[in-house]
Amino acid sequence: MRYNVGMTAGGAGRRSNRWPMWLLGLVIMIDQVDQNIVRGVITPLKADRALHITDFKIGLLLSCFVIVNGLITVPAGYLADRWNRSRTIATTIVGWSGLTALTAAAPNFGSLLAVRSALGFGQAITEPSAASLLGDFYTQEKRGLAFSVQQCLFFVGFGLGIGLGGIIGNAMGWRAAFLIVGTPGVLIAFFAFRLREPARGEADKVAIGVDPGQPEKVTLFEDGAGSFVRDMWSGLKADARTILGITTMRYALVGVAALLFTITAVGAALPQFYERQLHVAKGAAEGYVAILVIVGGIPGVLLGGRVADRWMSRIRGARMAIPAVCLLIGNGLFVLSYLRLPFVFAFPLEVVGFGVTCMAIPALRAGLTDAVPHNLRGSGFGFFNLASVILGQGIASLVVFPIAGAFGDNYRVAFLILSPPVFIGALILFRARDHLDADAAKIFEAILTAMQAQQAEEAARAERAAD
């Protein structure tokens, strides 16, 4: 398969800096804070008699964003390849911060579920745009670092959401937790509005000494809303055919969905596992989960980014092979922690296991960026996000609590039952290593072909002018 990639010939490159990766990391951080407050306030939510919260309803609250996310993420990825991504991200942050604060006013479970469901638009829009921006800001040799910084802040947000939700929720009530934690996103939105919008494929073009040009200015509704919808529908179908024709992407979509199924299930119920099976005090369990995420996750993604960049050209298909190995080892350590070990032994195993698991994330994201053409990266990560959310995250939160309930609220048994998909997903990712390098090479081949064609056209024009 050959990809059609637009090109502007010329000489100069642009020096990259680390500000975009940090800012886009803060975007994901505040999104995760807002999403994971619920995990920290499970105990006070259940104590509120007006809500009539059960374990099943907790599962709904943790997965209700899936429908909105699934409906929006692929069209949002399509548009991320065609509109101003920085402004889109900033506007989205303002909207979801307002919704998080609005959660505090929910009078009953139905309204609480509706507001939390609406939050699905946040990740659906920002994920494809942020991933596409990182691919355009940073060359292949720096993408591991860029995604490691971004994902490092992802886990900071995950931990802060659970930790702050637990601390504020237990001290001041669940409504105060949503109101207080939901407001700082406006500051991040301000800086996102000011982030430079790079040209499509800027980093790839700079890597081979080609002037990336300026970002194209697109007017979405220039020919009317009806024409826009028709063009988007046909464009989505064309993008889907191209993306699903990339062998690496097909393996990655299946593998990631399988492994996220287990990871999300464990993340949703880990505080309950600590309380009921490992006898950690109520309110303290959420704090331990926050410690696990931050102490294990941050070093894991930072080390994973360095490994992804350093070994990129030393191991065949490194950015798929490294995640596969890390996931096999990390999940193996988690399985050991479920085997009736006391908390003092189980918790360190899980911290190390989580760190090793997180090493997979930067390499995997960098590998997908390498394999997908720059003019389709928004759509590529839209499909990636859809598989992650619908097949992985959405189903997991709904099944883990009922399975535990069927065994007398035994989360140890539930985790062991749900662990095999991670091993399956890791093995599928390992198969993708055979195709990654070839898929990435096609992108640069397309860029070089476009550059040569344009140079030939310019030479022909010059020759005609001379005659």
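Not measured: the values here are computed from a predicted model.

Student: Go over the overall build of the protein, please, and point to the residues and values.
Tutor: A tally of regular secondary structure across the protein gives 20 helices and zero strands. Put simply, the protein has 467 residues, and 59% of those count as buried. Summing over all exposed atoms, the protein offers an accessible surface of approximately 18600 Å²; the carbon and sulfur share of this is 65%.

Student: Lay out a positive patch on the surface with the relevant residues and their values.
Tutor: On the surface, a cluster of positive charge is contributed by Arg18, Lys142, Arg306, Arg310 and Arg314. Among the structural elements, Lys142 can be located in helix α8 (residues 140-172). Overall, Lys142 belongs to the partly exposed group, its relative accessible area being 39%.

Student: Please give an account of the environment of Arg49 that cites residues and values.
Tutor: Mapping Arg49 onto the fold places it in the loop between α2 (42-47) and α3 (55-63). For the pair Arg49 and Asn108, spaced 59 residues apart in sequence, the C-alpha separation works out to 9.9 Å.

Student: I'd like a rundown of the nonpolar core, residues and numbers included.
Tutor: Counting 68 residues, the largest nonpolar core has Ile89, Ile93 and Met249 as the members making the most contacts within it. Here this core gets seven residues from one element, more than from any other, and that element is helix α7 (residues 120-137). In this structure Ile93 touches Val27, Ile30, Gly185, Ile188 and Ala189, once residues within four positions along its chain are discounted. Within the second largest apolar cluster, 61 residues are counted, among which are Val33, Ile42, Trp174 and Val351.

Student: Tell me about a nonpolar patch on the surface, and name the residues and values.
Tutor: A contiguous nonpolar surface patch, about 540 Å² in accessible area, is contributed by Trp19, Trp22, Leu187, Phe190 and Phe191. Listed by contribution, the elements that provide at least two residues to the nonpolar patch are α1 (19-40) and α10 (185-193). Of all the elements, α10 adds the most residues to the nonpolar patch, at three residues. One can find Phe191 in helix α10.

Student: Tell me what's going on with the packing of α1 against α8, and back it up with residues and numbers.
Tutor: At a closest axis distance of 6 Å, the pairing of α1 and α8 adopts a crossing angle of 30°. In terms of axis orientation, α1 runs roughly parallel to α8. Judged by the sense of rotation from one axis to the other, the crossing of α1 with α8 is right-handed. Among the residues making up the contact of α1 with α8, the classes are represented as 17 nonpolar, eleven polar and one charged.

Cut-offs applied
Positions within a chain are numbered from 1, following the residues in the order the chain's sequence is written. In keeping with the predicted nature of the model, local features appear solely for residues at pLDDT of at least 70, side-chain atom pairs appear and are counted solely at 80 or more, and the whole-chain, interface and lining totals rest on all residues. Water and hydrogen atoms play no part in the side-chain values, which are based on all heavy atoms of the structure. In DSSP terms, a helix is any run of H or I states spanning at least four residues, a strand is any run of E spanning at least two, and both are numbered starting from the N terminus. Summary of the burial criterion: residues with accessible area below 20% of their type's maximum are buried, those above 50% are exposed, and those between are partly exposed, where the area comes from a 1.4 Å probe applied to protein chains only. The Shrake-Rupley method, run with a 1.4 Å probe sphere, supplies the accessible areas, and residue values consider only the shown protein chains as cover. Within the patch definition used here, like charges are joined within 9 Å and nonpolar side chains (Val, Leu, Ile, Met, Phe, Trp, Tyr) within 5 Å, considering only residues with over 30% relative accessible area and no salt bridge. One side-chain nitrogen of Lys or Arg within 4 Å of one carboxyl oxygen of Asp or Glu is enough to make a salt bridge. Neither His nor the chain termini are counted; the positive set is Lys and Arg, and the negative set is Asp and Glu. Charge placement uses NZ in Lys and CZ in Arg. For Asp and Glu, CG and CD serve respectively. Think of a nonpolar core as a cluster: buried Ala, Val, Leu, Ile, Met, Phe, Trp, Tyr and Cys residues, connected wherever their side-chain atoms sit within 4.5 Å. Pairs of residues are marked as contacts when any of their non-hydrogen atoms sit within 4.5 Å. Axis angles are defined between N-to-C directions and span 0 to 180 degrees, where every axis is a line fitted to C-alpha atoms and, for a helix, only to the segment in contact. To sort the angles, those under 35 degrees are grouped as roughly parallel, those over 145 as roughly antiparallel, those from 65 to 115 as roughly perpendicular, and the leftovers as oblique. Throughout, a crossing is termed right-handed when the near helix is turned clockwise from the far one, and left-handed when it is turned anticlockwise from it by less than a right angle. In this count, Pro and Cys sit with the nonpolar residues alongside Ala, Val, Leu, Ile, Met, Phe, Trp and Tyr, while Asp, Glu, Lys and Arg are called charged and the others, Gly among them, polar.

Interpretation note: all reported values are geometric properties and have no functional meaning in isolation.
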